[in-house]
Amino acid sequence: PDEPLVRSILLEKDYPSDKTELLAGFWGIAQKVQSVADQSIYLEGLRGDLLEPTDNAPQWVWDIYNYKDVSDESLKNNSLADPKGYYSIILNCNDYLVHLKKFYVANPNVITEAKYKGLIGGTLRYKAWAYLMLAKVYGQAIYFDDVLASYQDISKYPVYTFDQIINKCIDLIETGTDGIDGKGTISWQIDEDLYPGNAATGVSTNAAEMTWNRICPTYQCLLAELYLWKASESTESADTKQTDYLNAWTNCVSMITLGGTEDCYQMNLSEYNNEWSSFFGTQNMARMEHICVAFYDYQNNQTNHVEEYLSNISPNKYYMRPTTVGMNTFQSASNRWDLF
């Protein structure tokens, strides 16, 4: 009687068995990122003077806002302070890399080398992003490269400081694993497995219009932020700091000029028809107005708590609101955020 159930179980040794399962594994990591992406907004907003609690806010929001140390026992059951989601991303990345490499060695003709490198690159960037968040929020993290297939004592793994995590994240992207760096990408819109008969159906092949092409942070965005943190927090020489700042600048310019030469990168009210405000109402991209934006599409079952926690329209809970400092940034057309 149990035979049908046994047949429905995917054994670890058999995964992935085909290309579809291989790609689904990457989507699985993306789902883990989705589950903590909005958590990052609340943590950084409440601790960065961009968000403040409302009168409706429960104690767990106030505890974060009041800079209660994340190791405080009272935060033990605080979902915002829980780092579990970020470690889940990391462990999934480690597991996926092992299975991806094993599959490609056994089936070198199922996916192209470029796609193989793209999957590795995207996985390494997801891992780097998760560790960057742990560094920014907690200041330290347990570092894993291993696959943890069972419960075990994690005391054997090193606890990295902020600086060590930043350097490790840079290494994940610049150097990568087994001679493959973390810069590879995949053009999902021309993948026949995801969009069969794409040309015949008239689906756009413009990368800028494809939601799936934006499911993973670009390496330029990550490296720019990582090098800025490295330069600002490092105790190294002035020359080394200057090199780090130059690396940050180079990666920003690389992202900005992907579609051609542009003079500046800015967010203001006077130019480009207020396109910065479209962050909150549309999936259309205004490349002059941002470097990296993660979109949610409720029609594709992508969910978050942003509206629930930040909207004052019933039945939303309205736990947080923008601070005066945060709002003043956008009150005047003269408030320009020019990087160059």
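Refer to the preceding data block for the structure.
The structure reproduced in this document is the subject of the present report. Small disclaimer: the values here were computed from a predicted structure and weren't measured.

**Some words on the nonpolar core**
With 68 residues, the main nonpolar core has Ile 89, Leu 119, Tyr 126, Trp 129 and Tyr 131 as its most contacted residues. Of all the elements in the fold, those that place two or more residues in this core are helix H2 (19-47), helix H3 (59-65), helix H4 (84-106), helix H5 (113-138), strand S2 (140-142), helix H6 (162-174) and helix H8 (219-233). Here the element with the most residues in this core is H5; it accounts for 15 residues. Those residues in contact with Trp 129, other than ones at most four positions away along the chain, are Val 33, Val 36, Ser 40, Tyr 86, Ile 89, Pro 217 and Leu 222.

**Quick word on H6**
An α-helical turn contains 3.6 residues, so a residue and the one three or four places further along point in the same direction. With 13 residues, H6 should reach 18 Å at 1.5 Å per residue; the first-to-last C-alpha distance of 18 Å fits that figure. Along H6, the residues that are buried comprise Phe 162, Ile 165, Ile 166, Cys 169, Ile 170, Leu 172 and Ile 173. Projected down its long axis, H6 carries its buried residues within an arc of 155°, all on one side. Looking at the buried residues of H6, the elements they touch are H5, S2, strand S3 (159-161) and H8. Among the residues trailing H6, Gly 176 stands out with phi positive, at a value near 80°.

**As for the packing of aromatic side chains**
The geometry of two aromatic rings is summed up by the distance between their centres and the angle between their planes. Scanning the entire structure with this criterion turns up 14 aromatic pairs. Look at Tyr 87 and Phe 144: their rings are 6.2 Å apart centre to centre, the planes differ by 85°, and that puts the pair in the edge-to-face class. Of the two residues, Tyr 87 is situated in helix H4 and Phe 144 in the loop between S2 and S3; the sequence distance between them amounts to 57 residues. One exposure class covers both Tyr 87 and Phe 144, and it is buried. With a centroid separation of 5.1 Å and 10° between ring planes, the pair formed by Tyr 143 and Tyr 160 is classed as stacked. Remark: Tyr 160 occurs in strand S3 and Tyr 143 occurs in the loop between S2 and S3; sequence separation between them is 17 residues. Like Tyr 160, Tyr 143 is buried. Within the aromatic cluster, the residues linked to one another by ring pairs are Tyr 42, Trp 60, Tyr 309 and Tyr 319.

**What about the environment of Leu 91?**
Summarising the element assignment, Leu 91 is placed in helix H4. With a relative accessible area of 27%, Leu 91 lands in the partly exposed category. In this structure, the C-alpha to C-alpha distance between Leu 91 and Asp 146, residues 55 residues apart in sequence, is 7.9 Å. Among residues more than four places away in sequence, those in contact with Leu 91 are Phe 144, Asp 146 and Leu 148.

**Overview of the packing of H5 against H6**
Angle between the axes and distance between the axes: these two values describe a pair of packed helices. At a minimum axis separation of 9 Å, H5 and H6 run at an interaxial angle of 165°. The pairing of H5 with H6 is recorded here as roughly antiparallel in orientation. Judged by the sense of rotation from one axis to the other, the crossing of H5 with H6 is left-handed. Across from Leu 124, Lys 127, Ala 128, Tyr 131, Leu 132, Ala 135 and Lys 136 in H5, the residues of H6 making contact are Phe 162, Ile 165, Ile 166, Cys 169, Leu 172 and Ile 173. Within the contact of H5 with H6, the residues separate by chemical class into eleven nonpolar, no polar and two charged.

Scoring rules and cut-offs
Residues numbered from 1 in each chain as written. Predicted model: local features only at pLDDT ≥ 70, side-chain atom pairs only at ≥ 80, totals over all residues. Heavy atoms only, no water. Core = buried A, V, L, I, M, F, W, Y, C linked by side-chain atoms within 4.5 Å. Buried < 20%, exposed > 50% of the residue type's maximum accessible area, 1.4 Å probe, protein only. Helix = DSSP H or I, 4+ residues; strand = E, 2+ residues; numbered from the N terminus. Contact = heavy atoms within 4.5 Å. Expected span 1.5 Å × (residues − 1). Arc of directions from axis to C-beta. Phe/Tyr/Trp six-rings, centres within 6.5 Å; stacked < 30°, edge-to-face > 60°. Axes fitted to C-alpha atoms, helices over the stretch in contact; angles between N-to-C directions. Parallel < 35°, antiparallel > 145°, perpendicular 65-115°, else oblique. Left-handed = near helix turned anticlockwise from the far one by under 90°. Nonpolar A, V, L, I, M, F, W, Y, C, P; charged D, E, K, R; others polar.

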